[in-house]
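Structure at a glance
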Amino acid sequence: LWLVRHAQPLVEAGICYGSTDMAAHAGATQASALVLARELPQAPRVLCSPLQRCRQLGEALQRLRPDMQLSLEPRLVEMDFGCWEGWHWDAIPKSALDEWTADFAHWRFGGRESVSELMRRVGELWSETRATAIPIVWITHAGVIRAARLVAGGTREVLRSEDWPAEVTGFGQFVRLPG
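Here's what I pulled together on the structure shown here. (Residues numbered from 1 in each chain as written. Predicted model: local features only at pLDDT ≥ 70, side-chain atom pairs only at ≥ 80, totals over all residues. Heavy atoms only, no water.)

1. Regarding the packing of helix α4 (residues 115–130) against helix α5 (residues 142–152)
Closest axis-to-axis distance for the α4/α5 pair is 9 Å, and the angle between their directions is 65 degrees. α4 and α5 meet at a crossing whose hand is right-handed. Contacts from Leu118, Met119, Arg121, Val122, Gly123 and Trp126 of α4 reach α5 at Gly143, Val144, Ala147, Ala148, Leu150, Val151 and Ala152. The residue inventory of the contact of α4 with α5, partitioned by class, reads 10 nonpolar, two polar and one charged. (Axes fitted to C-alpha atoms, helices over the stretch in contact; angles between N-to-C directions. Helix = DSSP H or I, 4+ residues; strand = E, 2+ residues; numbered from the N terminus. Left-handed = near helix turned anticlockwise from the far one by under 90°. Contact = heavy atoms within 4.5 Å. Nonpolar A, V, L, I, M, F, W, Y, C, P; charged D, E, K, R; others polar.)

If you want it as structure tokens, here you go:
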């Protein structure tokens, strides 16, 4: 399983933008697609978040590698931060962040989605794609990649914020997990 993060989105640094649909930098997207086209195995199945910044990369990659099957997969969308989408992280009240960390698994930060819900949808897709014999590529987001890495290591639920992975896959970068 190849986990690919979209290129740098066209958003100011420090903005909370989880499920907000926005474009990525076109040049960075093309550069990532060129690297991926060389690195990925023949004829993989490519599952792509329907958000624009991921679709751009998926479509650029498919133009370079027509051997790839590209499908949109809604379970690959980034976590939805609800009412905090579009806010500067530094402007979100500390009390809102404290509520989230106090019940990290189940609190719907911003009112939309909990970490448990994110983990569940990523875990379901992980189980489905592991059952296939062909190489799989997910074009997705940092939070989904973090969740997938946890699932790959056998963790299906994260109860404490301290247990959420700190390591972030860079924009336009990929990681490969054993099948």
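2. What to know about the pairing of strand β1 (residues 2–5)
Neither face of β1 is open: one carries Trp2 and Val4, the other Leu3 and Arg5, and all of them are buried. Across four bridges, β1 lies against strand β4 (residues 136–140) in parallel orientation. Bridge pairing in β4 links valine 4 to isoleucine 139. (Buried < 20%, exposed > 50% of the residue type's maximum accessible area, 1.4 Å probe, protein only. Pairing = 2+ DSSP bridges.)

3. Remarks on the nonpolar core
In this structure, Leu3, Val115, Met119, Trp138 and Trp164 are the most contacted members of the largest nonpolar core, which totals 31 residues. Residue assignment for this core shows that the elements contributing at least two residues are α3 (94–102), α4, β4 and α5. Ignoring any residue separated from it by four or fewer positions in sequence, one finds methionine 119 in contact with Ala147, Leu150, Val151, Thr155, Arg156, Glu157, Val158 and Trp164. Counting 15 residues, the second largest nonpolar core, distinct from the first, contains Ala33, Ala37, Leu57 and Met68. (Core = buried A, V, L, I, M, F, W, Y, C linked by side-chain atoms within 4.5 Å.)

4. Focus on the packing of helix α1 (residues 26–39) against helix α2 (residues 52–64)
Between two packed helices, the angle of one axis relative to the other and the distance separating the axes together describe the packing. The interhelical angle for the contact between α1 and α2, taken along N-to-C directions, is 50 degrees, at an axis separation of 9 Å. The angle between the axes of α1 and α2 places the two elements in the oblique class. Two packed elements cross with a definite hand, and for α1 against α2 that hand is right-handed. Counting all contacts with α1, which are made through Thr29, Gln30, Ser32, Ala33, Leu34, Leu36 and Ala37, the residues of α2 involved are Gln56, Leu57, Ala60, Leu61 and Leu64. (Parallel < 35°, antiparallel > 145°, perpendicular 65-115°, else oblique.)

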